[in-house]
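The chain contents come next:
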Amino acid sequence: MKKTIVRFAALGVLLVACGGSGAVVATVNGQEVTASQVEALYSDDLGAVPADLFAENLLNTIVELLVVQVADSEFGISVTEDEIEERRAEIETQIASQSGDVSYEEFLEQNGFTDERIARIAHQQLVADQVEERLLAEEGAITDQELQDQYDSQLFQFTEACVSHILVPTEEEAVGAKERIDGGEAFADVAMELGTDGTAPEGGELGCTALSGYVPEFAVAASEVPLNEVSEPVRSQFGFHLILVTERTTQAFEDVQADLRAALEVERGGTLVQDWLLEAASAADVTVVEEYGTWVTDPFPSVQPPA
C-alpha cells in the first residue's frame, strides 16, 4: 500500500504548509485541538505531509495538552510564558553546543522542526519536572537500605581490576595451561603461545577497568581470585579462561552514596512520571477526527494514521 498523504485539496482544509487552519482534528477532555496547533510543530518546507507524520505530531500535541491539564487539575501546576521562554533558550543553547558547526536554525531546518515545537517541549519539560517533584515527595525519601541494595547489585561497576587471561577452547587445554604456569612458566609466555583471542600477542593483558565490562562468569572470578594467583578454568560463552589479577580496588559505599542517590532519584522520577502519564492518557476522554487518525491506548497511547 502506498503511504497515505494528507493533502489540502484532498481534504478540503488547510492542514499543512499554509497554516492557520482552525479545523478541529481532536478533543482532549473537551478541549479542542486544531490543525494549526499540529502544523506548528513542523516546518512549512515539508509541503504535503505524510499521514503518519501528521499523526505523530498530533500525538505530541495531545500528550502536551494532557500533561498540562492533569498537572493543573491534580497539583495546581502551571508555568509562565517567561519560564517557558527561558527553558526554550536553554534547549536552544544545548542544541547549538551539541551540533558542532550546525547552528540552531540549521538544526531545526534539517529536522523539519519549528521554534514553536521547541517551545512546546520546554513547556512540557517544565510541567513534568514539577510533577516529578510532587510524585517523588509522595513516594517518600530513598532509604539507606535501598542505597545499600543498589550498591551491592552494582558492585562490579565500582570495582576496578588489572586483569590478564588466557582463553582456550576446552577445559582440558585450560587445565594443561595452568599446570605449565604452576610448573614455573610465565603467564604471559603461555598466553602468547596458547591464547586464542586478540590479547594473546600482549601476553593476555586486558588492562585495568571496571569488572562490569566483563561477562558475568568472568567478572565473578576476577573479583574472587586472590591477587597474583592464577584462577582455575572459568567457562564463559567464549571458551575457558585462566584469569590473573594483579590489582583490584573497590570504591567504598560511602564514597558513591551521593551518586547512587542521585541516579536512583532520576530513575524513580522518570518511572513515576511515565506511569502517571500513562494513567492520565488511559483515563482521558480523547477523540480524534477519523480522517486524521484513531486514538488508541493499548499497548500504549498513540494516534494511528488513517488507512
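Up top you'll find the structure we're talking about.
What counts, and at which threshold
- Residues numbered from 1 in each chain as written.
- Predicted model: local features only at pLDDT ≥ 70, side-chain atom pairs only at ≥ 80, totals over all residues.
- Heavy atoms only, no water.
- Helix = DSSP H or I, 4+ residues; strand = E, 2+ residues; numbered from the N terminus.
- Rg over C-alpha atoms; globule rule 2.2 N^0.38 Å.
- Buried < 20%, exposed > 50% of the residue type's maximum accessible area, 1.4 Å probe, protein only.
- Contact = heavy atoms within 4.5 Å.
- Areas by Shrake-Rupley, 256 points an atom, 1.4 Å probe, with all protein chains shown as cover.
- Lys, Arg positive; Asp, Glu negative; His and termini not counted.
- Charge placed at Lys NZ, Arg CZ, Asp CG, Glu CD.
- Patch = residues over 30% accessible without salt bridge, like charges linked within 9 Å, V, L, I, M, F, W, Y side chains within 5 Å.
- Salt bridge = Lys/Arg side-chain N within 4 Å of Asp/Glu carboxyl O.
- Disulfide = S-S within 2.5 Å.
- Pairing = 2+ DSSP bridges.
- Axes fitted to C-alpha atoms, helices over the stretch in contact; angles between N-to-C directions.
- Core = buried A, V, L, I, M, F, W, Y, C linked by side-chain atoms within 4.5 Å.
- 1 Å grid on protein atoms, 1.4 Å probe; cavity = no way out; pocket = protein on both sides within 12 Å on 5 of 7 lines; lining within 4 Å.
- Points joined across faces, edges and corners; volume = space filled by probe spheres on them.
- Nonpolar A, V, L, I, M, F, W, Y, C, P; charged D, E, K, R; others polar.

1. Concerning the overall build of the protein
- When helices and strands are counted, the protein shows 11 helices and 11 strands.
- For the protein, the C-alpha radius of gyration of 29 Å lies well beyond 19 Å, the compact-globule estimate for 307 residues.
- In the protein, buried positions account for 40% of the 307 residues.
- Excluding contacts between residues fewer than 6 apart, the proportion of contacts in the protein whose partners are at least 24 apart in sequence is 66%.
- For the protein, the accessible area works out to roughly 16700 Å², and carbon and sulfur atoms hold 49% of it.
- Charge-centre separation for the protein: the mean point of 14 positive side chains lies 5 Å from the mean point of 59 negative side chains.

2. Section: a negative patch on the surface
- A contiguous patch of negative charge, built from Glu74, Glu138, Glu139, Asp275 and Glu279, is present on the exposed surface.
- Given a relative accessible area of 47%, Glu139 falls into the partly exposed group.

3. Details of the state of the cysteines
- Applying the stated rule across the entire model yields 1 disulfide.
- Note on cysteine connectivity: Cys162 is disulfide-linked to Cys208, with sulfurs 1.9 Å apart. An S-S torsion of about 110° defines the bridge between Cys162 and Cys208 as right-handed. Here Cys162, found in strand S5 (residues 159-168), pairs with Cys208, found in strand S6 (residues 205-210); they are 46 residues apart in sequence, far enough to count as distant.

4. What to know about the pairing of strand S2 (residues 24-28)
- Examined bridge by bridge, S2 and strand S3 (residues 31-34) share 4 bridges and lie antiparallel to one another. By the bridge assignment, Val28 is partnered in S3 with Gln31.
- Counted along the chain from S2 to the antiparallel partner S3, the turn is 2 residues long, and its residue Asn29 has a positive phi close to 50°.
- Here 3 bridges tie S2 to strand S9 (residues 286-288), and the two strands are oriented antiparallel to one another. The residue of S9 that forms the bridge with Thr27 is Thr287.

5. Observations regarding the sheet that holds S9
- Read across the sheet, 3 strands follow the order S3-S2-S9 without closing on themselves; strand pairing throughout is antiparallel. Bordering the open sheet on either side are S3 and S9, each of which pairs with just one other strand. Strand after strand, the sheet turns through a mean of 20° between neighbouring axes, direction not considered.
- Its contacts with the sheet place helix H3 (residues 51-75) against S2, S3 and S9, and it is angled at close to 30° to S2.

6. Observations regarding the nonpolar core
- Ranked by size, the top nonpolar core spans 45 residues in total, and within it Val25, Val33, Leu58, Ile62, Val131, Trp276 and Trp295 carry the most contacts.
- When residues in this core are grouped by element, the largest group, 12 residues, is from H3.
- When sequence neighbours within four positions are dropped, the list of residues in contact with Val131 reads Ala71, Phe75, Ile77 and Trp276.
- Judged by nonpolar contacts, the second largest core, of 13 residues, contains Ala161, Val215, Phe218 and Val234.

7. A closer look at the pairing of S5
- The buried count for S5 comes to 9 of 10 residues, which makes it a mostly enclosed element.
- As paired strands, S5 and strand S8 (residues 239-250) are joined by 10 bridges and run antiparallel to one another. If you follow Val163 over to S8, its bridge partner there is Val245.
- Both S5 and S6 contribute to a ladder of 5 bridges, which runs antiparallel. Residue Val163 lies in a different strand from S6, and its bridge partner there is Gly207.

8. Description of the sheet that holds S5
- Pairing is antiparallel across the open sheet formed by 4 strands, whose spatial order is S6-S5-S8-S7. Pairing within the sheet leaves two strands with one partner each, and these edge strands are S6 and strand S7 (234-236). Taking the axes of each pair of neighbouring strands and ignoring which way they run, one obtains an average angle of 40° across the sheet.
- Sitting on the sheet, helix H9 (residues 187-194) touches S5 and S8, and the angle it makes with S5 is about 50°.
- Sitting on the sheet, helix H10 (residues 216-224) touches S5, S6, S7 and S8, and the angle it makes with S8 is about 50°.

9. Notes on the layout of surface pockets
- What the largest pocket holds in volume is close to 270 Å³.
- Elements that contribute at least two residues to the lining of the largest pocket include exactly H3, helix H6 (115-139) and helix H11 (253-283).
- When residues of the lining of the largest pocket are assigned to their parent elements, the largest contribution, 6 residues, is made by H3.
- Each residue belonging to the lining of the largest pocket can be placed in one class, and the counts come to 9 nonpolar, 4 polar and 3 charged.
- When its volume is computed, the second largest pocket comes out at roughly 200 Å³.
- Only S3, H3 and H6 provide two or more residues apiece to the lining of the second largest pocket.
- Per-class residue counts for the lining of the second largest pocket are 5 nonpolar, 4 polar and 3 charged.

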